[in-house]
Amino acid sequence: MTLRTAIGAMNHRMGDEESGSDKDGFEPFRQSHQKASAERSQPTCLVVEDDRTMRHLVMNYLEEHGIRTISASGREEVAGLLAREEPSLVILDLRLGQEDGLDLLREIRSHSDIPVIIITGHRRDEIDRVVGLELGADDYITKPFGLRELLARIRAVLRGREAGQAAVQRDPERGRCRFGGWQLDRRSRRLSDSSGIPVALTKGEYALLIAFLDAPQRPLSREHLLQATRIHEDVFDRSIDVQVLRLRRKLETDPNAPRVILTERGVGYVFALPVEPL
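No experiment lies behind these values; they were computed from the predicted model shown.

(A) Quick look at the overall build of the protein. Across its full length, the protein holds 10 helices and 15 strands. Across the 278 residues that make up the protein, the buried fraction comes to 39%. When contacts within the protein are restricted to residue pairs at least 6 apart in sequence, long-range pairs at least 24 apart make up 58% of them. Carbon and sulfur atoms make up 49% of the accessible area of the protein, which amounts to about 15700 Å² in all.

(B) Examining helix α6 (residues 126–134) more closely. Within α6, the full set of buried residues consists of Asp128, Arg129, Val130, Gly132, Leu133 and Glu134. Of the residues one or two after α6, Gly136 is the one with positive phi, at around 120°.

(C) Region of interest: the sheet that holds strand β14 (residues 268–271). On the basis of which strands lie adjacent, the open sheet formed by 3 strands has the order β12-β14-β13 and antiparallel pairing. Of all the strands in the sheet, the pair left with one neighbour each is β12 (219–221) and β13 (261–264). If you compare each strand with its neighbour and ignore which way they point, the axes differ by 35° on average. The pairing of β12 with β14 spans 3 bridges and is classified as antiparallel. Bridge assignment links Ser221 to a residue of β14, and that residue is Gly268.

(D) Region of the structure containing the side chain of Glu252. Residue position: Glu252 is located in the loop between α10 (238–251) and β13. Here Glu252 occupies a buried position and makes no salt bridge, while the nearest side chain of opposite charge, Arg248, is found at 4.6 Å. Here the side chain of Glu252 touches Arg259 through a polar contact of 2.8 Å, landing on its backbone nitrogen. In this structure the side chain of Glu252 is engaged in a polar contact, spanning 2.9 Å, whose partner is the backbone nitrogen of Ile261. When sequence neighbours within four positions are dropped, the list of residues in contact with Glu252 reads Pro258, Arg259, Val260 and Ile261.

The rules behind these values
Residues numbered from 1 in each chain as written. Predicted model: local features only at pLDDT ≥ 70, side-chain atom pairs only at ≥ 80, totals over all residues. Heavy atoms only, no water. Helix = DSSP H or I, 4+ residues; strand = E, 2+ residues; numbered from the N terminus. Buried < 20%, exposed > 50% of the residue type's maximum accessible area, 1.4 Å probe, protein only. Contact = heavy atoms within 4.5 Å. Areas by Shrake-Rupley, 256 points an atom, 1.4 Å probe, with all protein chains shown as cover. Pairing = 2+ DSSP bridges. Axes fitted to C-alpha atoms, helices over the stretch in contact; angles between N-to-C directions. Lys, Arg positive; Asp, Glu negative; His and termini not counted. Salt bridge = Lys/Arg side-chain N within 4 Å of Asp/Glu carboxyl O. Polar contact = N/O pair within 3.5 Å; in protein donor to acceptor, adjacent residues only side chain to side chain.

This is the structure in structure tokens:
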């Protein structure tokens, strides 16, 4: 599908709507009400892309498949759109002209846990993918990419978010837990140390901690942790080792002599502390 084809189809549909008859005078009201109801039920995607042609191509395709879209070409527009529109997901191109998309991702993640899919420019540019995932991106896709694949990734991320929210609603007693001197409130995603001081976690660190807390004192393979944290399979599994190291730095008294997250040679890792629901 090309941008010209998408725009042509959109213009054709608009022409059909204008030629329709208003039989009883209430048809415009009904259409407006139906449109507003549909928009409320649709997920909304914020597309952050400085290439105008690419931006419109992605937006038109997503709109045709039931996803409402809004857009930004740079970081200055993003904060306002996140506050006003409350989108369901962000598509973020890491190459935004002179701006650094990773800095924007870091800024988004410091204020929100909204799902983010990053777009990277080169298949060999592995470091951007790894850093992006460690900063809290939920998934990534590399250029050139197919629009069907992008749509599939969006739907998968949204399904994961909905499943996580439903699980908390179904099982509210699992909202808070304690391990060692730490406490975690899953509803607010707040981790506190023994003094009650909150400790910030990236999206990846939080997902990894939840995977450990759901299976304490049991060896977990790298493959299991990769799946649990939704890191894309193309990223080498050593990225889990990096995330474990980052999480150890926040949980361990001495990260070089860990007592909370232990290495299980030949398997992966084990969360050594018992977990007590509160």
